[in-house]
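# Report on the structure
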Amino acid sequence: MRDKALVGSLFCAVAGAAWGAQFPIAGRVLTLIDPFHFTLLRYLAVSLILGLLLILSEGIAALRFEGQTKRLWFYGTMAFTLYNFLVFLGQKAAGASGAALASLMMALMPMASVLVMWVCEKTRPSTVTLGCIVAAFVGVLLVITKGDLSVLSSTSGSLIPTGLMLAGVFAWVIYTMGGSQFTWSPLRYTTLSCLLGTASALGMVGFATIAGYLRLPAAGTLWAIRWEMTYMIVVSGVLALFSWNAGNRALTPINGILFINLVLVTTFVISTLSGYEIGELEVVGATVTITSLVLNNLYQRAALRGDDRASTDMSAIGSGRK
């Protein structure tokens, strides 16, 4: 049992660190390529890798959609098109602070899951969970404003990027919750939804490029970002996903979700080492958000021992992963 917990913790830690590193790495890529071609190229490769793994694992019959094409296309578009378009567009627009903001938004996914379930399934969260959600958003507000509330004005350069990234977070939450409607293996759901979501990205980016709204990246640009793209495809796109699923299977989601905090910590460490000066209020805001997640997790553990109602909140928290 102890070995299982250790292995599960290692898997979740690898995933959290891999996802945390992706935002500083993406920051460099986004100075050379637009977020739309970046997303398309990344998931074209990821789709091929996942498809091969699915065939090797479950056979070629697992590639059948079994009448679920429309639903899979919707959920795949939410995750592999909208989430990535919005988050990386927001990160690019935010400039130097974009990586920190993007990782902070990822840490909000468990809380966003609770809100989506409240709206879609009419499952009102407990007062404690609502309080933690408010506190988490206060932490985000501190990171965004750095103590200067004037940045929340409509003319500020910080409000729109944050809104884009937050919208992307909710798109991913919808995708994750959609997975509960399928009895397939996580690999099959991920692969088929990724294939269809990437098809949506291909159609959108292709149309925008032909229409002249986007410019096709030059071969020299693609060569210049080859190592960063390799990381985004292999490490954060495939390895981290499987590590996260394996870790949560060993630990259970209520334990595994705590490792989502490593995303934020890793991003902050790498950004600092790269020369980005993180302000005191940014650290305070990130700490408030992480603390809110941990406190809500502790509440869920206690509530599960004596209050069946809390199980709804727990399942929502467990679903908040990238």
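Since the structure is predicted, the reported quantities are computational estimates derived from the model, not experimental observations. (Residues numbered from 1 in each chain as written. Predicted model: local features only at pLDDT ≥ 70, side-chain atom pairs only at ≥ 80, totals over all residues. Heavy atoms only, no water.)

In this section: helix 6 (residues 127-145). Between its first and last C-alpha atoms helix 6 spans 27 Å; for 19 residues at 1.5 Å apiece the expected length is 27 Å, and the two agree. When we look at burial in helix 6, the residues that qualify are T129, L130, C132, I133, A136, G139, V140, V143, I144 and T145. Immediately downstream of helix 6, the backbone of K146 shows phi near 55°, a positive value. (Helix = DSSP H or I, 4+ residues; strand = E, 2+ residues; numbered from the N terminus. Expected span 1.5 Å × (residues − 1). Buried < 20%, exposed > 50% of the residue type's maximum accessible area, 1.4 Å probe, protein only.)

Our focus in this paragraph is the confidence of the model for the chain. Taken residue by residue, the chain gives an average pLDDT of 85. The fraction at 70 or more is 89%. Low pLDDT, under 50, characterises residues 314-322; the stretch is placed with 35 contacts to residues that sit more than four places away or in other chains. (pLDDT = per-residue confidence, 0-100. Contact = heavy atoms within 4.5 Å.)

A cluster of nonpolar side chains, contributed by L262, V265, V269 and L273, occupies part of the molecular surface with about 360 Å² of accessible area. With respect to the element layout, L262 can be found in helix 12 (residues 261-273). (Patch = residues over 30% accessible without salt bridge, like charges linked within 9 Å, V, L, I, M, F, W, Y side chains within 5 Å. Areas by Shrake-Rupley, 256 points an atom, 1.4 Å probe, with all protein chains shown as cover. Salt bridge = Lys/Arg side-chain N within 4 Å of Asp/Glu carboxyl O.)

The next thing to look at is the side chain of S103. Topologically, S103 is positioned in helix 4 (residues 98-107). Excluding residues that lie within four positions of it along the chain, S103 makes contacts with F23, V263, L264, T267 and F268.

Take the packing of aromatic side chains next. Within the structure shown, the criterion is met by 13 aromatic pairs. A centroid spacing of 6.3 Å and a plane angle of 40° characterise the contact between F23 and F88, whose relative ring orientation is tilted. Of this pair, F23 sits in helix 1 (residues 2-29) while F88 sits in helix 3 (residues 69-94), placing them 65 residues apart in sequence. Each member of the pair, F23 together with F88, is buried. On the basis of an interplanar angle of 55° and a centroid distance of 5.0 Å, the ring pair of W172 and Y175 is categorised as tilted. You can see W172 and its partner Y175 sitting in helix 7 (residues 159-178), three residues apart, about one turn around the helix. The same class applies to W172 as to Y175, namely buried. Chaining the aromatic ring pairs together yields one cluster made of Y43, F80, Y83, W172, Y175, F182, W184 and Y189. If you follow R71 out to its NZ or CZ, it ends over the ring of F182, 4.7 Å from the centre. Positioned above the aromatic ring of W223, the side-chain terminus of R226 is 3.9 Å from the ring centre. (Phe/Tyr/Trp six-rings, centres within 6.5 Å; stacked < 30°, edge-to-face > 60°. Lys NZ or Arg CZ within 6 Å of the ring centre and 35° of its normal.)

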